[in-house]
Amino acid sequence: MRATHDAFGRRTDDAADARPTSHGEVGPAPTSTPGRRARGRALGGWLQVVLVVAGTGGAYATMRAAAAAGPDQIQAITFALQRDPFGPRSLVTEGPLRDALHRIDGARRGDEVVASVSASPDRVTATVVDPRDRERWISVDVTGEVRVMAPRTGRRQPTTGVDPTRLDVAGATAALRRHHASLRPHAHDPRISLLTDSDGGAPRGWQLSVEGVATDDRYRRVDLDGGAL
């Protein structure tokens, strides 16, 4: 029998009628079966567990690292001083500054004279000069560690010099705190430097300074007791 087709190319003879009905046609295999879906859910559950464990482990490692730093590590102390520059460990407060000056005095040689002293919340530095006009820098950080460096240039040894153990720092540190407070919230990095006589090098006052404010407000000078000069 000869096959016939309609205008669209479809067969119109009996052979076309003999094709299997939709009931007998074999369709494509299903893309998802109950077993496959169950395995997918199980895999997703395990993945969530792994992610939770990994996240917990990361948080635990972070907490261990923070705990390992400890409150006496310089990173932890410096971070605290950034928030409160007059905290209990700050070297621009009376007790810690006095202790640092005693450490500096203990680190200088017998023939060296202290020519200058400056302090920030985390460090105190003094310049010492020997009879041959050779300078050294002695610094004490907020953990009490002492470091000594030789600067490149020298200065004449002062005839009087400074006895760091006899400096009265109470008035000066109180004045620095007041100066800083008067310029908040913009003031930061409070510092204090000893003013000395240009001839003999004897101490005559303190210069107070902060950052973050206008130049005219940045500096103040006080006498050795913290009174205005």
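What counts and how
- Residues numbered from 1 in each chain as written.
- Predicted model: local features only at pLDDT ≥ 70, side-chain atom pairs only at ≥ 80, totals over all residues.
- Heavy atoms only, no water.
- Helix = DSSP H or I, 4+ residues; strand = E, 2+ residues; numbered from the N terminus.
- Contact = heavy atoms within 4.5 Å.
- Areas by Shrake-Rupley, 256 points an atom, 1.4 Å probe, with all protein chains shown as cover.
- Salt bridge = Lys/Arg side-chain N within 4 Å of Asp/Glu carboxyl O.
- Buried < 20%, exposed > 50% of the residue type's maximum accessible area, 1.4 Å probe, protein only.
- Pairing = 2+ DSSP bridges.
- Axes fitted to C-alpha atoms, helices over the stretch in contact; angles between N-to-C directions.

### Some remarks on the overall build of the chain
Right, so step 1: In terms of helices and strands, the chain carries six helices and seven strands.
Right, so step 2: Secondary structure elements of the chain, listed N to C terminal, follow the sequence α-α-α-α-β-β-β-β-α-β-β-α-β.
Right, so step 3: Considering only contacts in the chain between residues 6 or more positions apart, those separated by 24 or more positions represent 47%.
Right, so step 4: When the accessible area of the chain is evaluated, it comes to approximately 15000 Å², of which 53% is carbon and sulfur surface.

### Side note on unusual backbone geometry
Right, so step 1: At the junction of R184 and P185, the peptide bond is cis and its omega measures out at 10° in the coordinates.
Right, so step 2: Relative to the elements of secondary structure, P185 occurs in the loop between α5 (170–182) and β5 (188–196).
Right, so step 3: The phi dihedral of D133 is positive, around 60°, even though this residue is not glycine.
Right, so step 4: When you line up the elements, D133 lands in the loop between β2 (123–129) and β3 (135–141).

### Some points on the pattern of salt bridges
Right, so step 1: In this structure the tally under the stated criterion is nine salt bridges.
Right, so step 2: Across the salt bridge formed by D130 and R132, the nearest N and O atoms sit 3.4 Å from each other.
Right, so step 3: Several salt bridges share partner residues, and in doing so they unite D111, D130, R132 and R134 into one network.

### Some remarks on the pairing of strand β1 (residues 113–120)
Right, so step 1: Among the eight residues that make up β1, seven are buried, leaving the element largely enclosed by the rest of the structure.
Right, so step 2: Two elements, β1 and β2, share seven bridges in a ladder whose sense is antiparallel. Within β2, the position partnered with S118 by the bridge is T125.
Right, so step 3: In sequence, β1 turns back onto β2 through a hairpin of two residues.

### With respect to the sheet that holds β2
Right, so step 1: If you trace the seven strands from one edge of the open sheet to the other, you get β4-β3-β2-β1-β5-β6-β7, paired in antiparallel fashion. Both outer strands of the open sheet, β4 (146–149) and β7 (219–222), are each paired with one neighbouring strand and no more. Geometrically, the sheet is characterised by an average inter-axis angle of 20° between neighbouring strands, direction not taken into account.
Right, so step 2: Running at roughly 25° to strand β6 (residues 203–211), α5 makes contact with β5, β6 and β7 of the sheet.

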